[in-house]
Structure formats: structure tokens, C-alpha cells
Amino acid sequence: MLALAGHAVKFLSVTNGQAGHHVHVADAIVAIRKDESREAASRLGIAEAEVLHYIDGALLPTLDARQEIVRQIRDWRADVVLTHRPWDYHPDHRYTSQLVQDAAYLVIVPNICPGTPPLARNPIFLYLQDSFHQPAPFTPHIAMDIEDVWNRKLDALDAHASQFYEWLPWVEGVTVPSDPVGRREWLSNTWTRAIDACTRAALTRRYGPDRARNVRYAEAFEICEYGRKVSSEELDEIFPH
């Protein structure tokens, strides 16, 4: 939706995906994942998709990695940054969140990474939705009706064939249909979740009760308090109705 509205959007993968397959060796899957990332971005109308060099399954919140994230946010002149919450099953996800949180505020400090000009103001940092509850459940501050772009999102997932049709099903012991139509239906069924009460409440605050109760597909975000403080009016400008 942001890309379609004309915003400049970039996908940044912090690790290279080399551990994420049961058949392909590291170098092969790194190349495959990079191509899939670019294709997924293209299907969403996103021009930029970059994969960093950090090794899959071995990411740590080091000073080097933090400075790289600072430079990436500055180079893109980001005003909104989306990332994982710090609680997740995958260590790479947790440490990516830590790195992004550590970069918050530092992106405006001139003497940090002085070779890259600092931002004039701190971006808004938002967490992506998840289903983890310990030590704290996801709390949606804003929720969007995404039914108009749901098929585009499926297109993007479909581009990550090695992950969504091969690797993750193999890990979970799931059989995926072999034909394209069956795969697409399986993908939609697998990644469609019931809208929980908190997200439905956020939808109601945004759209009113009549529209909110009929929303079938939604995406919610939680504000990270380390970023710039944002008003509900500014959120409405960033995420238009």
C-alpha cells in the first residue's frame, strides 16, 4: 500500500539465508534467496531490495552490525522503519530487532558513523505483528485493512519459493501441492490468520465499527518507543485510510 501510494520503500535483509534450506548448499541458497528477495520486492512495486552479508543463523548484535544498520537507515533517509519485535523464535530475528532498536536515536547523532550524514530527526520505528506472548504480547497501535492488496502480498510470498514451498514446509513436515493453483490456494490458507480482538479494536478505532467488523485481512503495527514520538494524526498521514 505504501509503494502504491508513491512512497519510497526498501526491503533490507540482514542475513544472507545460507542456512535456510535442506537440499541446496550455502552458496547456492544465498544466490537463490537474493534473487527471490528482488523478485518479491518487484511484485510489490518496490524498487530496492538489499541483502547484507551477515551469516544466516549467526547474527549477533555487534558494534559492526549496529553501525551498518545506522548507515542503512541514514542512506535511505528513512522516516519509518519496520522490524521484528525483540521476542521471536529465531535468534536472527531477535538480534535484528535489537540492532534496529540500538540504531534508533543514534541515527541522528553526528559523531556516530561520521562518514554518513546523520538524519535531521529520528524516524518512527514500528514492530511487525507476531503471535508471541512472553514476556509481552504484541500490542497493535495501528491496524490497516489490506484486503485490496492481499493478492499482491501473496504474490510476494510466492516469489520466495525456496522458503515458503520448500524449506519451511520441510521443517514443519508439511506437504505442499505441486501445481501452481494448488500452491497458491495453500499459501493463502496457510498465511491467513483470524483477526484477534486487539487488532479488531485497532481497526475499529481507525475505521469505525461498521467497516471494522467486515475487514477480512488486516496488518497491524506496534510503536517502538525508542523512535520518534508520533501522533495519531501523523500515523493517519503515513497510513492513509
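In the block above lies the structure referred to throughout.
All values derive from a computational prediction rather than experimental measurement. (Residues numbered from 1 in each chain as written. Predicted model: local features only at pLDDT ≥ 70, side-chain atom pairs only at ≥ 80, totals over all residues. Heavy atoms only, no water.)

Undergrad: Quick rundown of the overall build of the chain? Include the residues and the values.
TA: Each helix and strand in the chain was counted, giving 9 helices and 6 strands. Whereas a compact globule of 241 residues would reach a radius of gyration of roughly 18 Å, the chain reaches 18 Å, a difference of no more than 12%. In terms of its C-alpha atoms, the chain occupies a principal-axis envelope of roughly 55 × 50 × 35 Å. Considering only contacts within the chain whose residues lie at least 6 apart along the sequence, 74% involve residues at least 24 apart. Carbon and sulfur atoms make up 52% of the accessible area of the chain, which amounts to about 13,400 Å² in all. With 25 positive and 33 negative side-chain charges, the chain shows a spacing of 3 Å between the two charge centroids. (Helix = DSSP H or I, 4+ residues; strand = E, 2+ residues; numbered from the N terminus. Rg over C-alpha atoms; globule rule 2.2 N^0.38 Å. Contact = heavy atoms within 4.5 Å. Areas by Shrake-Rupley, 256 points an atom, 1.4 Å probe, with all protein chains shown as cover. Lys, Arg positive; Asp, Glu negative; His and termini not counted. Charge placed at Lys NZ, Arg CZ, Asp CG, Glu CD.)

Undergrad: Break down the sheet that holds strand E5 (residues 142–145) for me, citing the residues and quoting the values.
TA: The 4 strands lie next to each other as E3-E4-E6-E5, forming an open sheet whose pairing is mixed. Of all strands in the sheet, those bounded by a partner on one side alone are strand E3 (80–83) and E5. Neighbouring strand axes in the sheet, compared pairwise and without regard to direction, differ in orientation by 30 degrees on average. The sheet contact formed by strand E4 (residues 124–128) and strand E6 (residues 218–223) spans 3 bridges and is antiparallel. Bridging across to E6, Tyr-127 finds its partner in Glu-222. Sheet contacts for helix H7 (residues 197–207): E5 and E6; angle to E5, the most-contacted strand, approximately 75 degrees. (Pairing = 2+ DSSP bridges. Axes fitted to C-alpha atoms, helices over the stretch in contact; angles between N-to-C directions.)

Undergrad: Talk me through the packing of aromatic side chains; I want residue IDs and the actual numbers.
TA: Applying the stated criterion across every chain yields a total of 6 aromatic pairs. With a centroid separation of 6.2 Å and 50 degrees between ring planes, the pair formed by Tyr-165 and Trp-186 is classed as tilted. Here Trp-186 lies in helix H6 (residues 180–191) and Tyr-165 lies in helix H5 (residues 161–172), a separation of 21 residues in the sequence. Residue class for Tyr-165 comes out buried when judged on its relative accessible area of 6%. (Phe/Tyr/Trp six-rings, centres within 6.5 Å; stacked < 30°, edge-to-face > 60°. Buried < 20%, exposed > 50% of the residue type's maximum accessible area, 1.4 Å probe, protein only.)

Any link to function would need more than the numbers given here.
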